[in-house]
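In case you want the letters, here they are:
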Amino acid sequence: MKKIRKGDEVIVLTGKDKGKRGTVLRRVDERRVVVENVNMAKKHVKANPQAGEAGGIIDKEMPIQVSNVALFNPVTGRGDRVGFKILEDGRKVRVFKSTGEVVDI
């Protein structure tokens, strides 16, 4: 089970986008995630007339290290570390380390 998943709201801890919040769009691999409107880069795209695609320069989200983001805790309004807990019914859930509140419902 991963500590940060697709669809989670995260806050960036380090880098040029420090302090920005966004939603995880996808996990690239074990160590990298793509976050909405974070770590943007200019990408030069060649036109493809047969497919009807225009060329030009587009903004594209690039992957960021998982260690550089933290799950956003709405109670405290800050990024928080995540741990795991096994409930009485046997389910394994994510919990915030600071409050002990369950992330997954």
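This text goes with the structure placed above it.
As the structure is a prediction and not an experimental result, all values here were calculated from the model.

J.: Please clarify how the overall build of the chain should be interpreted in this entry.
T.: Across its full length, the chain holds zero helices and ten strands. In sequence order, the secondary structure elements of the chain are arranged as β-β-β-β-β-β-β-β-β-β. Taking 13 Å as the expected radius of gyration for a compact globule of 105 residues, we find that the chain reaches 17 Å, considerably beyond that expectation. In terms of principal-axis extent, the alpha carbons of the chain reach across some 60 × 30 × 20 Å. Across the 105 residues of the chain, 26% fall into the buried class. When contacts within the chain are restricted to residue pairs at least 6 apart in sequence, long-range pairs at least 24 apart make up 37% of them. A distance of 5 Å separates the average location of the 23 positive side-chain charges in the chain from that of its 14 negative side-chain charges.

J.: Before we go on, may I ask you to explain the pairing of strand E7 (residues 69–73) in this structure?
T.: The side chains of a regular strand alternate between both faces of the sheet. The element E7 is largely enclosed, with a buried count of five among its five residues. Pairing of E7 with strand E8 (residues 78–80), which is carried by three bridges, proceeds in the antiparallel orientation. Looking across to E8, one finds that Phe72 is bridged to Gly79. Taken together, E7 and the strand that follows it, E8, pair antiparallel across an intervening segment of four residues, in which Gly77 is found at a positive phi of about 80 degrees.

J.: Help me out: how do you make sense of unusual backbone geometry in this one?
T.: Across the chain, the bulk of peptide bonds are trans and the bulk of non-glycine residues have phi less than zero. In the Ramachandran plot, Asn37 falls in the positive-phi region, its phi being about 60 degrees despite a non-glycine side chain. For Asn37, the position within the fold is in the loop between strand E3 (32–35) and strand E4 (40–45).

J.: Just to check I follow, could you spell out the sheet that holds strand E2 (residues 21–27) for this structure?
T.: Sheets are built from strands paired through backbone hydrogen bonds, the pairs being either parallel or antiparallel. Taken together, the six strands give an open sheet; going across it, the order is E6-E3-E2-E1-E7-E8, and neighbouring strands pair in antiparallel fashion. For this open sheet the edge positions go to strand E6 (64–65) and E8, each flanked by a neighbour on one side alone.

J.: What is the right way to look at the pairing of strand E10 (residues 92–96) in this model?
T.: Buried residues dominate E10, accounting for four of its five residues. Inspection of the sheet shows strand E9 (residues 82–86) paired to E10 by five bridges, in the antiparallel sense. Note on E10: the bridge partner recorded for Gly83 is Val95. In this structure, the hairpin formed by E9 and E10 is closed by a connection of five residues, where Gly90 is found at a positive phi of approximately 95 degrees.

J.: How do you make sense of the side chain of Asp17 when you look at a structure like this?
T.: Inspection of the secondary structure assignment puts Asp17 in the loop between strand E1 (9–12) and E2. With relative accessibility at 10%, the residue Asp17 sits in the buried group. With sequence-adjacent residues up to four places away left out, Asp17 is seen in contact with Val12, Val38, Asn39 and Met40.

The rules behind these values
Residues numbered from 1 in each chain as written. Predicted model: local features only at pLDDT ≥ 70, side-chain atom pairs only at ≥ 80, totals over all residues. Heavy atoms only, no water. Helix = DSSP H or I, 4+ residues; strand = E, 2+ residues; numbered from the N terminus. Rg over C-alpha atoms; globule rule 2.2 N^0.38 Å. Buried < 20%, exposed > 50% of the residue type's maximum accessible area, 1.4 Å probe, protein only. Contact = heavy atoms within 4.5 Å. Lys, Arg positive; Asp, Glu negative; His and termini not counted. Charge placed at Lys NZ, Arg CZ, Asp CG, Glu CD. Pairing = 2+ DSSP bridges.

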